[in-house]
Amino acid sequence: MASSNLSSILLLIAAGSVAAAQSPAQLDGNAPFDISARSTSLDYGANVLIFHDVVISQNDVHIEASEARASGDMYENSEWQLSGGVHIRAEGGRLESRDAKVRIVGRRVASASISGTPAQFEQQLRDRSQLARGRANRIEYDLANGAIRLAGDAWLTDGRNEISGRELIYDLRAQRVNANAQDADDRVRITIRPESKP
């Protein structure tokens, strides 16, 4: 195996342990929480705010959806149900899905769980022209730890090599993945494609 191919695999795959995250992103709870929408309404019976063609942003987190329904204290602690063309950008990564649930905790976007057929994400790899791309039935994004969990037919590639399994954990900051089989019948599969010679 070519050494550059091996280093590519080692960069992407750290089977059995997630690399220690780099210093966490500064998620300032006092940063402005901006919402823009084509229209908004209030369901008094359910105490839910409804936004259409909405864009939500705070710090470096940017969220778009066709519709958002917010329950709870919108700026302090709340849960947002997003639907239709959901796009989430943060930490140099991009997540896309049909539906998502976003939690606001302590005045900041704390987590997002997206689902679709499939839900997918991508991130530009540092110092390389390649993209890390992944998909799964459900993706959970923990903003505090900069990690995403791909669950259900999970698949991840660095543009050449691939890894798949029932569940993968991808560290956005270290750009590494943890892949552990969930039980005796589960298997993690890795496909290594040698570099083509010039």
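Scroll up for the structure.
Because the structure is a prediction, the values reported are computed rather than measured. (Residues numbered from 1 in each chain as written. Predicted model: local features only at pLDDT ≥ 70, side-chain atom pairs only at ≥ 80, totals over all residues. Heavy atoms only, no water.)

**Considerations on the overall build of the protein**
Scanning the protein for helices and strands turns up 1 helix and 12 strands. Starting at the N terminus and ending at the C terminus, the protein contains elements arranged as α-β-β-β-β-β-β-β-β-β-β-β-β. Out of the 198 residues in the protein, the part that is buried amounts to 41%. For the protein, contacts bridging at least 24 residues in sequence account for 46% of all contacts bridging at least 6. On the protein, roughly 10300 Å² of surface is accessible, and the fraction owed to carbon and sulfur atoms is 46%. (Helix = DSSP H or I, 4+ residues; strand = E, 2+ residues; numbered from the N terminus. Buried < 20%, exposed > 50% of the residue type's maximum accessible area, 1.4 Å probe, protein only. Contact = heavy atoms within 4.5 Å. Areas by Shrake-Rupley, 256 points an atom, 1.4 Å probe, with all protein chains shown as cover.)

**Overview of the pattern of salt bridges**
Side chains that differ in charge, positive against negative, can pair when their charged atoms come close. Under the definition given, this model contains 11 salt bridges. The partner of Glu91 in a salt bridge is Arg173, with the nearest N and O atoms 2.8 Å apart. Placement of Glu91 in the loop between strand S5 (77-90) and strand S6 (93-105) and of Arg173 in the loop between strand S10 (162-171) and strand S11 (176-178) is noted, with a sequence separation of 82 residues between them. An identical accessibility class is assigned to Glu91 and Arg173; each is buried. Close ionic contact of Glu140 with Arg149 constitutes a salt bridge, the shortest N to O distance being 3.3 Å. Looking at Glu140, the relative accessible area reads 31%, which means it is partly exposed. (Salt bridge = Lys/Arg side-chain N within 4 Å of Asp/Glu carboxyl O.)

**A closer look at the nonpolar core**
Membership of the largest hydrophobic core comes to 40 residues, with the highest contact counts inside it found for Trp80, Leu82, Phe121, Ile139, Ile148, Leu150 and Tyr170. Of all the secondary structure elements, the ones that give two or more residues to this core are strand S3 (48-58), strand S4 (61-73), S5, S6, strand S7 (108-124), strand S8 (131-142), strand S9 (147-157) and S10. Apart from the residues within four sequence positions on either side, Ile148 is in contact with Leu95, Phe121, Ile139, Glu140, Tyr141, Leu168, Ile169, Tyr170 and Leu172. (Core = buried A, V, L, I, M, F, W, Y, C linked by side-chain atoms within 4.5 Å.)

**Some thoughts on the side chain of Ser78**
The topology assignment puts Ser78 in strand S5. Under the relative-accessibility criterion, Ser78 is labelled buried at 7%.

**Some remarks on the environment of Gly165**
Its location among the elements puts Gly165 in strand S10. For the pair Gly165 and Ala136, spaced 29 residues apart in the sequence, the C-alpha separation amounts to 9.6 Å. With residues up to four places along the chain from it excluded, the contact list for Gly165 reads Asp153, Ala154 and Arg187.

**As for the packing of aromatic side chains**
Under the definition given, this model contains 3 aromatic pairs. Between the aromatic rings of Phe121 and Tyr170, the centroid separation amounts to 5.2 Å while the plane-to-plane angle is 45°, which identifies the pairing as tilted. Of this pair, Phe121 sits in strand S7 while Tyr170 is found in strand S10, placing the two residues 49 residues apart along the sequence. For Phe121, a relative accessible area of 4% translates into the label buried. Its relative accessible area of 0% is what places Tyr170 among the buried residues. Members of the aromatic cluster, each reached through a chain of ring pairs, are Phe33, Phe51 and Trp80. (Phe/Tyr/Trp six-rings, centres within 6.5 Å; stacked < 30°, edge-to-face > 60°.)

**Things to note about the pairing of strand S2 (residues 39-43)**
In this sheet, S3 lies alongside S2 in antiparallel orientation, the contact comprising 5 bridges. Within the sheet, the bridge partner assigned to Leu42 lies in S3 and is Leu49. In textbook terms, the turn of a hairpin is the stretch between consecutive antiparallel strands, and for S2 and S3 this stretch comprises 4 residues, one of which, Asn47, has a positive phi near 55°. (Pairing = 2+ DSSP bridges.)

**Quick notes on the pairing of S7**
Examined bridge by bridge, S6 and S7 share 11 bridges and lie antiparallel to one another. Considered in S7, the bridge of Ile104 is made with Val109. Linking two consecutive strands that pair antiparallel, namely S6 and S7, is a turn of 2 residues; a positive phi of about 60° is found at Gly106 within it. Where S7 lies against S8, 11 bridges are found, and the strand directions are antiparallel. Across the sheet, residue Ala112 finds its bridge partner in S8, namely Tyr141.

**Notes on the environment of Arg166**
Positionally, Arg166 belongs in strand S10. Taking C-alpha positions, Arg166 is 8.9 Å from Ala179, a pair spaced 13 residues apart along the chain. In this view, Arg166 contacts Leu150, Ala151, Gly152, Asp153, Ala154, Gln182, Asp183 and Asp186; residues no more than four positions away in its chain are not counted.

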